Amino acid sequence: MKICRYDDGRLGLVEGDTVYDVSSVKDRLPRLEWPVPPGDLLIERLDELKPALLAAKANAPTRKLGEVRLLSPVATPAKVIAAPLNYHAHVDESLADAQIHNNVHVAHYEGFKSPVAKFGVFLKSAQSVVGAGEGVRIAFPGRRNDHEVELAVVIGRQGKDIPARDAMSYIAGYCIGLDMTVRGTEDRSYRKSADTYTVLGPYLVTADEVSDPGNLGFSIQVNGEMRQNANTRDLITGIAELIEIASHVYTLYPGDVIMTGTPEGVGTVQPGDVMHARIEGIGTMDVAVRG
Ligand code: MN
């Protein structure tokens, strides 16, 4: 099942290039009273709402996917967790480029089995999340604002201290993630958390439709020029282990997002550019950059 949010917050099922408006299903979500629990209500109830979503599709008005303004498929993530330096070739390019490492996040990890083992994971502001149709607004004009295309994992149920062997059962689905980053000396949580610096889309593909998330080709082009082209089989720390490591410190909630890390080829974008991102088995999205 492919689930999108679009236009003024409508809920859609995507099949091919058709969006079925199943917004009526939103009425089944509980009315909350303060203090509201963390997490995303729709993602939390996705399994139980699947029959209602399919039923609503039968009489649903339709739109073309290319004609709607796509929002983030996760409306209210409680947090966005991200993995640093999780592809060997990106570790190498980071070591070679002072603009990337800035002598702060130097990627030496001798004595540790992986960069994640040394550096852990980090957080991006949950409010930095936008959908493909909203685009990226450059927050640091004149500096190097880079694209990082990544497989984004969306957590489906609450968990803490999740062992890797159980981790995949906590996943609601997947989408394309752009971990936009300004290079510089500031902390990652500052450089990667500007409004619009986390793009999720084009929609959520439920986990049952992705047979092997550890073997997906993915890429990003900028104005038609290929920048990053890789496969998730080259992740240093895999998805299940990332969930184990993240849930050791954070309780994971439905709708939490894990950005699994970017491969080699990161590069800058300018206002006016259009990024075209693709993940095999998930889809493609065009994301505009503005000033
Ligand atoms: Mn990243």
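Residues numbered from 1 in each chain as written. Predicted model: local features only at pLDDT ≥ 70, side-chain atom pairs only at ≥ 80, totals over all residues. Heavy atoms only, no water.

Undergrad: So what's going on with the domain arrangement of the protein chain? Which residues, and what values?
TA: Domain parsing of the protein chain yields domain 1 (2-71) and domain 2 (80-290). Domain 1 and domain 2 are separated by 24 Å when their C-alpha centres are compared. If you look at the interface, domain 1 gives 15 residues, while domain 2 gives 20 residues. Carbon and sulfur atoms make up 64% of the area that domain 1 and domain 2 hide from each other, which totals about 1,400 Å². It is Lys2, Ile43 and Leu70 in domain 1 that bury the most area against domain 2; as a group they hold 40% of the surface buried on that side. Along the contact surface separating domain 1 from domain 2 lie four residue pairs in polar contact (both at pLDDT 80 or more). Only β1 (2-6), α1 (41-44), α2 (46-58) and β5 (70-71) provide two or more residues apiece to the side of domain 1 that touches domain 2. Per-element accounting of the side of domain 1 that touches domain 2 gives the leading share, three residues, to β1. Its residues assigned to classes, the side of domain 1 that touches domain 2 comprises nine nonpolar, one polar and five charged. (Domains from an automatic or database assignment. Contact = heavy atoms within 4.5 Å. Buried area = accessible area lost by both parts, 1.4 Å probe. Polar contact = N/O pair within 3.5 Å; in protein donor to acceptor, adjacent residues only side chain to side chain. Helix = DSSP H or I, 4+ residues; strand = E, 2+ residues; numbered from the N terminus. Nonpolar A, V, L, I, M, F, W, Y, C, P; charged D, E, K, R; others polar.)

Undergrad: So, α2: which residues are in play, and what are the values?
TA: Given a rise of 1.5 Å per residue, 13 residues ought to cover 18 Å, and the 18 Å separating the end C-alpha atoms of α2 matches this to within 8%. Most pronounced at alanine 52, the bend in α2 amounts to some 25°. Along α2, the residues classified as buried are Leu46, Leu49, Ala52, Leu53 and Ala56. Considering only its buried residues, α2 is in contact with β1, β2 (10-15), α1 and β14 (198-206). (Expected span 1.5 Å × (residues − 1). Bend = angle between axes of the 7 residues up to and from the residue. Buried < 20%, exposed > 50% of the residue type's maximum accessible area, 1.4 Å probe, protein only.)

Undergrad: Which residues make up the sheet that holds strand β10 (residues 145-147), and what values do they have?
TA: With respect to topology, three strands assemble into an open sheet ordered β13-β10-β18, the strand pairing being antiparallel. Strand pairing shows two members of the sheet lacking a second neighbour, β13 (181-182) and β18 (267-268), which therefore form its edges. As judged from the two bridges shared by β10 and β18, these two strands associate in the antiparallel manner. Note that in β18 the partner of aspartate 146 across the bridge is threonine 268. (Pairing = 2+ DSSP bridges.)

Undergrad: Tell me about the pattern of salt bridges, and name the residues and values.
TA: In the structure shown here, the tally under the stated rule is 20 salt bridges. Note that aspartate 21 and arginine 10 form a salt bridge whose closest N and O atoms lie 2.6 Å from each other. Taken together, the residues span a long stretch of sequence, with aspartate 21 in strand β3 (residues 18-21) and arginine 10 in strand β2 at a distance of 11 residues. In this structure, arginine 143 engages glutamate 186 in a salt bridge whose closest nitrogen and oxygen atoms are separated by 2.9 Å. Placement of the pair is arginine 143 in the loop between β9 (136-137) and β10 and glutamate 186 in the loop between β13 and α7 (188-191), with a sequence separation of 43 residues. (Salt bridge = Lys/Arg side-chain N within 4 Å of Asp/Glu carboxyl O.)

Undergrad: Lay out the coordination of the manganese ion with the relevant residues and their values.
TA: Ligation of the manganese ion by protein atoms is provided by Glu148 (OE), Glu150 (OE) and Asp179 (OD), these donors lying 2.0 to 2.1 Å from the ion. Going along the chain, you hit the donors of the manganese ion in the pattern E-x1-E-x28-D. Here glutamate 148, found in the loop between β10 and β11 (149-155), pairs with aspartate 179, found in strand β12 (residues 171-179); they are 31 residues apart in sequence, far enough to count as distant. (Donors = N, O, S within 2.8 Å, 3.2 Å for Na, K, Ca; no water.)

Undergrad: An account of the sheet that holds strand β16 (residues 225-231) is needed here, citing residue identities and associated values.
TA: Pairing is mixed in the open sheet, where five strands are placed in the order β9-β20-β19-β15-β16. Looking along the sheet, the strands with just one partner apiece sit at the ends: β9 and β16. Bridge analysis of strand β19 (residues 274-279) against strand β20 (residues 283-290) gives six bridges, and the strand direction is antiparallel. When the sheet's bridge partners are listed, histidine 276 is paired in β20 with aspartate 286.

Undergrad: Can you lay out the environment of serine 114 for me, pointing to particular residues and giving the numbers?
TA: Along the chain, serine 114 turns up in the loop between α4 (98-101) and α5 (115-119). Residue class for serine 114 comes out buried when judged on its relative accessible area of 3%. Sequence spacing of serine 114 and leucine 85 is 29 residues, and the spatial spacing of their C-alpha atoms is 8.8 Å. In terms of polar contacts, serine 114 uses its side chain to reach the side chain of threonine 237, at 3.5 Å.

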